[in-house]
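# Architecture and fold: a report
Each chain is listed here by its residues.
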Amino acid sequence: MNRTLVRLLQAPSIIVLLLWMIVPLSMTIYFSTIRYNLLYPERTGFVGLGNYRFFWTDPGFFPALANTLVLVGSVLAVTVILGLAIAILIDRPFKGRGIVRVLLISPFFIMPTVNALIWKNMMFDPIRGITAVIARTFGATPVDWLANHPLLSVIIIVSWQWTPFAILIFMTSLQSQDQEQKEAATLDGAGFWSQFYNLTLPHLARPISIVLLIQMIFHLSIFAEIYVTTEGGPGFASTNLTYLIYDEVFRGSNIGAASAGGIFAVILANIVAIGLIRVVGKNLTV
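A brief structural summary. What you are looking at is a predicted structure, and each value in this text was computed from that prediction instead of being measured. (Residues numbered from 1 in each chain as written. Predicted model: local features only at pLDDT ≥ 70, side-chain atom pairs only at ≥ 80, totals over all residues. Heavy atoms only, no water.)

### Quick word on the overall build of the protein
- Within the protein, the secondary structure is distributed over 14 helices and two strands.
- Dimensions of the protein, computed from the C-alpha atoms along their principal axes, are close to 80 × 75 × 30 Å.
- A burial count over the protein gives 38% of its 286 residues as buried.
- As displayed, the protein has an accessible area near 16,800 Å², and 70% of this comes from carbon and sulfur atoms.
- Each charge sign in the protein was given a centre, from 17 positive and 13 negative side chains, and these centres are 5 Å apart. (Helix = DSSP H or I, 4+ residues; strand = E, 2+ residues; numbered from the N terminus. Buried < 20%, exposed > 50% of the residue type's maximum accessible area, 1.4 Å probe, protein only. Areas by Shrake-Rupley, 256 points an atom, 1.4 Å probe, with all protein chains shown as cover. Lys, Arg positive; Asp, Glu negative; His and termini not counted. Charge placed at Lys NZ, Arg CZ, Asp CG, Glu CD.)

What follows is the structure, given as structure tokens:
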């Protein structure tokens, strides 16, 4: 009786959740199988896998796929390594540590669009940007980062915003580490790297896995930073799958091809998520 009551109480939220996911996914699958261009609404018709073939053969598909994987992998590597280093550095007590922690975490609360505008106009501008001013100060030629290194620029922008998230998670986890073990290791003559490898890193295995999984979900759909700074260019140099799908909808008005691209993106996200979940599962059993 109790189980039946529990299931009845859970049913409304589960039904809403399923409808919330299944209805949009079903509509996307439907649109991906028909010819649906906003410029020619009268030419709508069933095309089967034609939209998938069209999106697959799009000259921007493979560059966008490669850029997506490079972007996600690079940002994950930078945020985890840098976040872990900074978290360990500020874990030790020093004067003003509370203010430093607040300042380090604050970039995470900036909206992605504002973050991109800050870097575009204040940092990467080849004339008035801080990087240009520093380059001229040392007699070097300023670099137009967004034109010459577009994907690297996006990686830097996203990493700057998401490193504080990693710092916050790692900093919180380090506070729960057994200090007696560290003191005993220090008395036994263990150095910093020995303690880090044998004590700190195993303790942070779960937080690292969680940071990787959460960031992967968000980074696969990065859009605002690319739209504000490079608009996917030059060419397809900084185009990811999300921006390519947007391009099909708002520039090509091709809803069918864009829907097929959305299904590709869902498949890619699931493949990456399953791999990371297995890693998380192994770490959780440690």
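Next, the rest of the story.
### Section: the packing of helix α4 (residues 97–105) against helix α8 (residues 150–175)
- In contact at an axis separation of 8 Å, α4 and α8 are set at 140° when each is read in the N-to-C sense. In terms of orientation, α4 and α8 fall into the oblique class. Listed contacts from α8 to Arg-101, Leu-104 and Ile-105 of α4 are Pro-164, Leu-168, Met-171 and Gln-175.
- A breakdown of the residues in the contact of α4 with α8 according to their chemical character gives five nonpolar, one polar and one charged. (Axes fitted to C-alpha atoms, helices over the stretch in contact; angles between N-to-C directions. Parallel < 35°, antiparallel > 145°, perpendicular 65-115°, else oblique. Contact = heavy atoms within 4.5 Å. Nonpolar A, V, L, I, M, F, W, Y, C, P; charged D, E, K, R; others polar.)

### A short note on the packing of aromatic side chains
- Counted according to the given criterion, the structure contains 24 aromatic pairs.
- With 5.7 Å between their ring centres and 70° between their planes, Phe-108 and Phe-109 make a pair best called edge-to-face.
- A relative accessible area of 25% places Phe-108 in the partly exposed class.
- Aromatic rings pair up to connect Tyr-52, Phe-55, Trp-56, Phe-61, Phe-62 and Phe-264 into one cluster. (Phe/Tyr/Trp six-rings, centres within 6.5 Å; stacked < 30°, edge-to-face > 60°.)

### A word on α8
- Given a rise of 1.5 Å per residue, 26 residues ought to cover 38 Å, and the 38 Å separating the end C-alpha atoms of α8 matches this to within 8%.
- Along its length, α8 shows its largest kink, about 35°, at Trp-160, and proline Pro-164 lies within four residues downstream of that point.
- Most of α8 is tucked away: 19 of the 26 residues are buried. (Expected span 1.5 Å × (residues − 1). Bend = angle between axes of the 7 residues up to and from the residue.)

### Thoughts on unusual backbone geometry
- Cis geometry marks the peptide bond from Gly-233 to Pro-234, where omega comes out at -5°.
- Relative to the assigned elements, Pro-234 resides in the loop between α12 (224–229) and α13 (241–250).
- Positive phi is not limited to glycine here, since Glu-231 has a value of about 55°.
- Within the secondary structure layout, Glu-231 lies in the loop between α12 and α13.

### A look at the packing of α8 against helix α11 (residues 205–219)
- Direction vectors running N to C along α8 and α11 enclose 155°, while the axes themselves pass 10 Å from each other. As the angle between them shows, α8 and α11 are arranged roughly antiparallel. In this structure, the crossing between α8 and α11 has a hand that is right-handed. Contact with α8, carried on its side by Val-158, Trp-162, Phe-165, Ala-166, Ile-169, Phe-170 and Ser-173, involves Pro-207, Ile-208, Val-211, Ile-214, Gln-215, Phe-218 and His-219 of α11 and no other residues of that element. (Left-handed = near helix turned anticlockwise from the far one by under 90°.)

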